[in-house]
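Summary of the model geometry
What follows is each chain in one-letter form.
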Amino acid sequence: MNKKRQLKDRGIEYIFFIFALISIVILCMILFFLFREGLPVFGLVSVKDFLFGEYWYPTSEPPDFGIFPLIVASLLVTMCSAAVAIPLGVMTAIYLAEIASKRIKEFAKPMVELLASLPSVVIGFFGMVVVAPFLQEAFDIPTGLNLFNASLMLAFMSVPTICTISEDAIASVPVELKEASLALGATHWESIVRVIIPASLSGLSTAVILGMSRAIGETMVVLMVAGGAAMVPSSVFDPVRPMPASIAAEMAEAPFRGEHYHALFATGMVLFVFTLIFNFIADYISNKHRQVGASTL
Amino acid sequence: MKLNLLKVITVLISVLCLSTGAWAENLEIKGSTTVLPIAQKAAEAFMKVYPDINVSVSGGGSGNGIKAIIDGTTDIADTSRFIKGKEVALAVEKGVYPVPFGIAYDCIVPVLHPSNPINNLTINQLKAIYEGKIKNWKQVGGPDLQIVVISRDTSSGTYEVWESLIMNKARVYPGALLQASNGAVAQAVSKNKYAIGYVGLSYLNKELKAIKVDGVEATMENALSKAYPVSRVLYMFTKGWPSGVTLQFINFMMHPAKGQKIVAEAGYIPLY
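Residues numbered from 1 in each chain as written. Chains lettered and ligands numbered in written order. Predicted model: local features only at pLDDT ≥ 70, side-chain atom pairs only at ≥ 80, totals over all residues. Heavy atoms only, no water.

1. Some words on the confidence of the model for chain A
Parts of the model with low pLDDT should not have their predicted coordinates read in detail. On average, residues of chain A score 88 in pLDDT, and 96% of them are at 70 or above. Across chain A, element-level confidence peaks in helix 3 (residues 68-99) of chain A with a mean pLDDT of 93 and bottoms out in helix 4 (residues 102-117) of chain A with 87. (pLDDT = per-residue confidence, 0-100. Helix = DSSP H or I, 4+ residues; strand = E, 2+ residues; numbered from the N terminus.)

2. Observations concerning empty space enclosed by the protein
For the coordinates displayed, the defined rule picks out four cavities of 30 Å³ or more. Each pocket or cavity is described by its volume, and for the largest cavity that value is around 150 Å³. Lining the largest cavity are 16 residues, with Tyr57 and Arg241 of chain A together with Thr154, Val172 and Tyr173 of chain B positioned closest to its centre. Counting only elements with at least two residues in the lining of the largest cavity, the list comes to strand 1 (56-57) of chain A together with strand 6 (148-152) and strand 7 (177-179) of chain B. Each residue belonging to the lining of the largest cavity can be placed in one class, and the counts come to eleven nonpolar, three polar and two charged. Roughly 100 Å³ of volume is contained in the second largest cavity. (1 Å grid on protein atoms, 1.4 Å probe; cavity = no way out; pocket = protein on both sides within 12 Å on 5 of 7 lines; lining within 4 Å. Points joined across faces, edges and corners; volume = space filled by probe spheres on them. Nonpolar A, V, L, I, M, F, W, Y, C, P; charged D, E, K, R; others polar.)

3. Points about the packing of aromatic side chains
For any pair of aromatic rings, geometry is given as the distance between the ring centres together with the angle between the planes. Residues and elements named next belong to chain B. Inspection of the entire model under this criterion finds 20 aromatic pairs over all chains. A ring pair is formed by phenylalanine 46 and phenylalanine 249, whose centres lie 5.1 Å apart and whose planes are at 80°; its orientation type is edge-to-face. Of this pair, phenylalanine 46 sits in helix 2 (residues 36-49) while phenylalanine 249 is found in helix 9 (residues 244-254), placing the two residues 203 residues apart along the sequence. What makes phenylalanine 249 buried here is its relative accessible area of 0%. Taken together, Phe46, Tyr50, Phe249 and Phe252 form an aromatic cluster joined through their ring pairs. (Phe/Tyr/Trp six-rings, centres within 6.5 Å; stacked < 30°, edge-to-face > 60°. Buried < 20%, exposed > 50% of the residue type's maximum accessible area, 1.4 Å probe, protein only.)

4. Some thoughts on the interface of chain B and chain A
Taken residue by residue, the interface counts 38 residues in chain B and 35 residues in chain A. Across the chain B/chain A interface, buried area totals approximately 3,000 Å², and carbon plus sulfur atoms make up 56% of it. The interface formed by chain B and chain A includes two salt bridges. Of the charged contacts in the structure, one is a salt bridge between lysine 86 of chain B and glutamate 259 of chain A, with a shortest N-O distance of 3.5 Å. At the surface where chain B touches chain A, the tally comes to nine residue pairs in polar contact (both at pLDDT 80 or more). Elements that contribute at least two residues to the side of chain B that touches chain A include exactly helix 3 (62-71), helix 4 (85-93), helix 6 (157-167), strand 7 and helix 7 (182-190) of chain B. Looking at the side of chain B that touches chain A element by element, the count peaks at five residues for helix 3 of chain B. Residues belonging to the side of chain B that touches chain A are distributed by class as follows: 13 nonpolar, 14 polar and eleven charged. (Contact = heavy atoms within 4.5 Å. Buried area = accessible area lost by both parts, 1.4 Å probe. Salt bridge = Lys/Arg side-chain N within 4 Å of Asp/Glu carboxyl O. Polar contact = N/O pair within 3.5 Å; in protein donor to acceptor, adjacent residues only side chain to side chain.)

5. Observations concerning the domain arrangement of chain B
Residues and elements named next belong to chain B. The domain boundaries assigned to chain B delineate domain 1 (2-105 + 234-265) and domain 2 (106-224). Relative placement of domain 1 and domain 2: their C-alpha centres are 33 Å apart. Every contact between the two is made by eight residues of domain 1 and, on the other side, nine residues of domain 2. Approximately 680 Å² of surface area, both sides summed, lies buried where domain 1 meets domain 2, with 51% of it carried by carbon and sulfur atoms. The largest share of the area that domain 1 buries against domain 2 comes from Thr34, Arg81 and Tyr105, three residues that together contribute 58% of it. One can count two salt bridges joining domain 1 with domain 2. When the shortest N-O distance is used, the salt bridge between glutamate 160 and arginine 81 registers 3.8 Å. Our count for the domain 1 to domain 2 interface comes out at one residue pair in polar contact (both at pLDDT 80 or more). For the side of domain 1 that touches domain 2, a count of residues per class yields three nonpolar, three polar and two charged. (Domains from an automatic or database assignment.)

Structure (structure tokens):
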């Protein structure tokens, strides 16, 4: 009888192991496919010309495969959206975790999370139809489909990610730390700034970086509202074309296994490397600055 | 316990057998989003006439359509451009011989915001605008406003036609905005008084101002007589010479009172 139970237990362990393995295997297969389809382009252009080439004319004769303007666009859009989303997300999280009354929190938190469930195509459409004409009128600029608009829309998308993870991080700061701070005569505000935020810094950083990695990989929004000009922008109101937008717009019509097709997969590889770096940073920070427990009596 | 499992499996298998047991024939159509409205309407009309045949239509782009023909995952590929040399080579390598059928004509029309007073541009002016050499509307007789150039993604069929007929192999300058579909270009131009774009004939609406090219208006007659300079043929490719259901559909598509009538209804130009 006992042996049978042990056997069953082992069996269940293996089943879970297989399920965990499936996602890893799938990831490896996708990666293998990505690199198999992307690497052949480097037989045509050098890595340096690909990454730092200024012109992206994949279909002209002879073609130019330079994704420098696309990389710059992706980074700029991500940074600008972070500049909007970080204060918004982190402050909302602090408010929800520390200041808001229970009733407000019960109402506001689901609302912020609802923002995360908005499909990106809806946000993109909003940016295209509502925000773009508004920006054009308000700033008297030639086009509302630009870097600024895209950053704003991406910020809307990363705020819920940043806010939810930050809130969890702040809420998991041991209550003893806060109590100690208050007991020493610090005000609520001083406790938040001097004790709670430093204690939850690793969680906050993770939140920010995960939010940013969502922004850099987001496709639909940048395809719809970034404008799509493949050049290095000279102002925040210039149209840009981030990497995902280029891939999404061109992949459907690129001749199968042609140079253009391989170049788009190689762009995907670059994008993957960027997301990977973001995730490594998040992982590193969350491990390094972890608040390890609190001592109590 | 074991018996129950056996029962469940038996039921599942019999359900599967029943569902595939219906003797419907399938026809897959895939490819260009430009041809999609025609294919969609034609498929609906075709299924009304032949209720036994199940036609499924999807978009994805000309390149994907051709790829699907080569892979054998579709019966008919819609394209808004002719097959390319590289694609033919790949097909022949796999022992596939794509056969083209021209099913309709389409005009590509330069469009402006309705508030723009310009009615006509020459091919040379259009080329200079898209090359970034003309940057202000006053250089072509319009108001003193910067020109916002809206183009399509470089691999779309519409772009290729524009590139070969207007640009004459010159490059669209990098500052041009890119939109991923005809609908998106129409949307962007209708909201922007600085803008110029180009769309297929069926995408014209009252929020867009279609202009003449070299003094010729984009109409059905001008396209058929080749007076209008920016027109193209839309194709359906089959895998080898069509037979069976595929042949039935192609015949339906080419019939003047059936398929070609649908072409006109969808806003494109019938062959005859």
